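# An overview of the molecular structure
Listed below, chain by chain, are the residues.
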Amino acid sequence: MDVYSHPTFDMAARQFDRVADHLGIPVDERDRLKYPKRALTVAVPLRRDDGSITVFPGYRVQHHLSLGPTKGGIRYHPDVRLGEVAALAMWMSWKCALMGLPYGGAKGGVAVDPGALSTGELERLTRRFTQELIPFIGPQIDIPAPDLGTNEQTMAWMMDTYSTHVGHCVPGVVTGKPLVLGGSLGRREATGRGVGYLIGRVFETLGIEQSGATAAIQGFGNVGSHAAYSLARHGVKVIAASDVNGGVHNASGLDLRALDAHVAATRTVAGFALADPIDNASLLELPCDVLVPAAMERQITGANAGRLRCRVLAEAANGPVTPDADTILENRADVFVIPDILCNAGGVVVSYFEWVQDLQSFFWNESEVTDRLFRMLESAFQQTLQASRKQNIPMRTAAMSLGVKRVWDAKRARGLFP
Ligand code: NAD
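Read on for an overview of the structure. (Residues numbered from 1 in each chain as written. Predicted model: local features only at pLDDT ≥ 70, side-chain atom pairs only at ≥ 80, totals over all residues. Heavy atoms only, no water.)

### Details of the overall build of the chain
- When you go through the chain residue by residue, the secondary structure sums to 14 helices and 12 strands.
- Taking 418 residues into account, the globule formula puts the C-alpha radius of gyration at 22 Å, and the chain, at 20 Å, falls close to it.
- With the principal axes as the frame, the chain shows a C-alpha extent of 55 × 55 × 45 Å.
- By the burial criterion, 59% of the 418 residues in the chain qualify as buried. (Helix = DSSP H or I, 4+ residues; strand = E, 2+ residues; numbered from the N terminus. Rg over C-alpha atoms; globule rule 2.2 N^0.38 Å. Buried < 20%, exposed > 50% of the residue type's maximum accessible area, 1.4 Å probe, protein only.)

Spelled out as structure tokens, the structure:
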């Protein structure tokens, strides 16, 4: 299916092929698991503040429908393409199945730089994009959530547009909403908090003392910043953080409160006075106990994987490590990888809790959310670690095989129609 050709889709497909070999999936059953069930491409016209019109391409991909509705984020970034979104949807499928959630994977996005639009333009773009998606989404069909470049406000506009269309309030159509609209306590923090929890568990497993350990974080957005706070609460020193405009480094540990104030005032970590500047490539190669890529795909490649100097690589972003880098890292006993579909699963787990709360109109307190989140992450971590050790396979292959096998089992149990 050439329509999905893209370096990120090729990467997700290579990872899948490897797992399919490991599981012994017959060749004629593989394409059914690999390719998205359906995909929608839309043209989103936006009236700009100056009165002119710009059309942006938008996408939504639903990877499989075997276990329930589909679930996945909406990304606003200039590099969004159909193949990239399809790869992200595939990863969502394996992630939801690994976590035991009743969802297939989905992803969507608009090829736009959200930083270049005014708030009014962003609202009009989001509403028009949602309007184009209306036949394709719904609480029992496909449930979007925030991702790179989108946030609670984006979800509020999506929920409002959908609800206005159907004529009544439908909070369960999106997750990651503001609390006042049926959002869940703990959703905003969930992905980063989950990353912090799993890093803590891996430190325990490897015998690394959390207090005084060091962390470097690429991408200080929703996921990266909450991972940083979560690590800092356990005494980990965050020595570097970056965003699309650059990075900052302080070997004694960044003052996260002061960094937050700087980001609130300037919308970037760059220029933070209590640290030295560092570029994104150098940040990845800093000596540290844990490196947390929390920005984009394909950041750790065959070119730099050999130069990483971390003991734990916690993949908070989706797809930050290429298969070429995997080959290098698998031969490096000094680096423990927490694969993306496990590491950042906290987001979709609490999105699932939000959806359940919305469907039941019965809301939980924050400790119920966080306790249940940690229990589900712990179970997936244990299963993945055991599979990795027992079968002597890398953590990524272990996590993906658990996810892929569940989807494969579901497809076999349902059979092929007609
Ligand atoms: P965000 O938009 O809140 O933050 C992204 C951050 O990355 C920003 O600071 C941005 O400036 C930075 N960034 C972008 N391009 C960069 C580059 N080339 N180099 C360095 N920094 C760069 O997005 P987010 O929601 O935090 O998502 C980050 C990653 O986590 C994405 O891969 C996303 O798919 C993944 N993820 C997010 C969630 C969630 O709940 N939001 C859940 C699972 C996975």
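### Observations concerning the site of the ligand
- Around the ligand, the structure places 23 residues, and the nearest of them are Asp147, Thr191, Asn222, Val223 and Asn318.
- Gly149 is positioned with one of its backbone polar atoms (N or O) 2.9 Å from an oxygen atom of the ligand.
- In isolation the ligand exposes 830 Å². Once the protein is present, 85% of that is buried.
- Counting only elements with at least two residues in the shell around the ligand, the list comes to helix H6 (187–206) and helix H7 (222–233).
- Partitioned by chemical class, the residues of the shell around the ligand number 10 nonpolar, nine polar and four charged.
- Inspection of the shell around the ligand shows a minimum of three residues originating in each of domain 1 (2–171) and domain 2 (190–344). (Near = heavy atom within 4 Å. Polar contact = N/O pair within 3.5 Å; in protein donor to acceptor, adjacent residues only side chain to side chain. Areas by Shrake-Rupley, 256 points an atom, 1.4 Å probe, with all protein chains shown as cover. Nonpolar A, V, L, I, M, F, W, Y, C, P; charged D, E, K, R; others polar. Domains from an automatic or database assignment.)

### A few points about the pattern of salt bridges
- Under the defined criterion, the tally for this structure stands at 28 salt bridges.
- The salt bridge involving Arg60 is made with Asp142; its shortest N-O contact spans 2.7 Å. You can see Arg60 sitting in strand E2 (residues 53–62) and its partner Asp142 sitting in strand E5 (residues 142–146), a full 82 residues away along the chain. Accessibility classification places Arg60 together with Asp142 in one group, the buried group.
- Overlapping salt bridges, with partners in common, bring together Arg75, Glu84, Lys107, Asp147 and Glu297 in one network. (Salt bridge = Lys/Arg side-chain N within 4 Å of Asp/Glu carboxyl O.)

### Structural notes on the side chain of Thr8
- Topologically, Thr8 is positioned in helix H1 (residues 7–23).
- Looking at Thr8, the relative accessible area reads 0%, which means it is buried.
- Contact partners of Thr8, with chain neighbours within four places excluded, come to Glu84, Ala87, Trp91, Glu297 and Arg298. (Contact = heavy atoms within 4.5 Å.)

### A few points about the sheet that holds strand E6 (residues 214–218)
- Here seven strands make up an open sheet; going across it, the order is E9-E8-E7-E6-E10-E11-E12 and the pairing mixed. Pairing within the sheet leaves two strands with one partner each, and these edge strands are strand E9 (276–278) and strand E12 (336–338). Pairwise comparison of adjacent strand axes, ignoring direction, gives a mean angle of 25° for this sheet.
- Bridging between E6 and strand E10 (residues 287–293) involves four bridges; their strand directions are parallel. Looking at E10, one finds that Ala215 is bridged to Val290. (Pairing = 2+ DSSP bridges. Axes fitted to C-alpha atoms, helices over the stretch in contact; angles between N-to-C directions.)

### Remarks on the layout of surface pockets
- Taken as a whole, the second largest pocket encloses approximately 490 Å³ of empty space.
- Along the wall of the second largest pocket there are 20 residues; nearest its centre are Val335, Phe336, Val337, Pro394 and Met395.
- Residue composition of the lining of the second largest pocket, by class: 10 nonpolar, three polar and seven charged. (1 Å grid on protein atoms, 1.4 Å probe; cavity = no way out; pocket = protein on both sides within 12 Å on 5 of 7 lines; lining within 4 Å. Points joined across faces, edges and corners; volume = space filled by probe spheres on them.)

### Topic: the packing of helix H4 (residues 119–133) against helix H5 (residues 152–166)
- Taken N-terminus to C-terminus, the directions of H4 and H5 make an angle of 45°; their axes are 9 Å apart at the nearest point. By the angle between their axes, H4 is oblique relative to H5. Note that H4 runs across H5; the crossing there is right-handed. Across from Thr119, Leu122, Glu123, Thr126, Arg127, Thr130, Gln131 and Leu133 in H4, the residues of H5 making contact are Thr154, Trp157, Met158, Asp160, Thr161, Tyr162 and His165.
- Each residue belonging to the contact of H4 with H5 can be placed in one class, and the counts come to five nonpolar, seven polar and three charged. (Parallel < 35°, antiparallel > 145°, perpendicular 65-115°, else oblique. Left-handed = near helix turned anticlockwise from the far one by under 90°.)

### Points about the nonpolar core
- Formed by 89 residues in total, the largest nonpolar core has its most connected members in Trp94, Ile199, Leu254, Leu259, Val292 and Ile338.
- In terms of residue count, the dominant contributor to this core is helix H3 (residues 82–98) (13 residues).
- Three or more residues apiece are contributed to this core by two domains, here domain 1 (2–171) and domain 2 (190–344).
- Non-local contacts of Ile338, meaning those with residues more than four positions away in its chain, are made with Leu198, Ile199, Val202, Val312, Leu313, Ala314, Glu315 and Cys343.
- Listed in part, the 23 residues of the second largest apolar core include Val42, Leu46, Ile74 and Tyr162. (Core = buried A, V, L, I, M, F, W, Y, C linked by side-chain atoms within 4.5 Å.)

### Let's talk about empty space enclosed by the protein
- Under the definition given, this model contains one cavity of 30 Å³ or more.
- Considered as a void within the structure, the largest cavity measures approximately 30 Å³ in volume.
- Taken together, Glu29, Arg32, Leu33, Trp408, Lys411 and Arg412 make up the lining of the largest cavity.
- At the level of elements, helix H2 (27–34) and helix H14 (395–414) are the ones that each hand at least two residues to the lining of the largest cavity.

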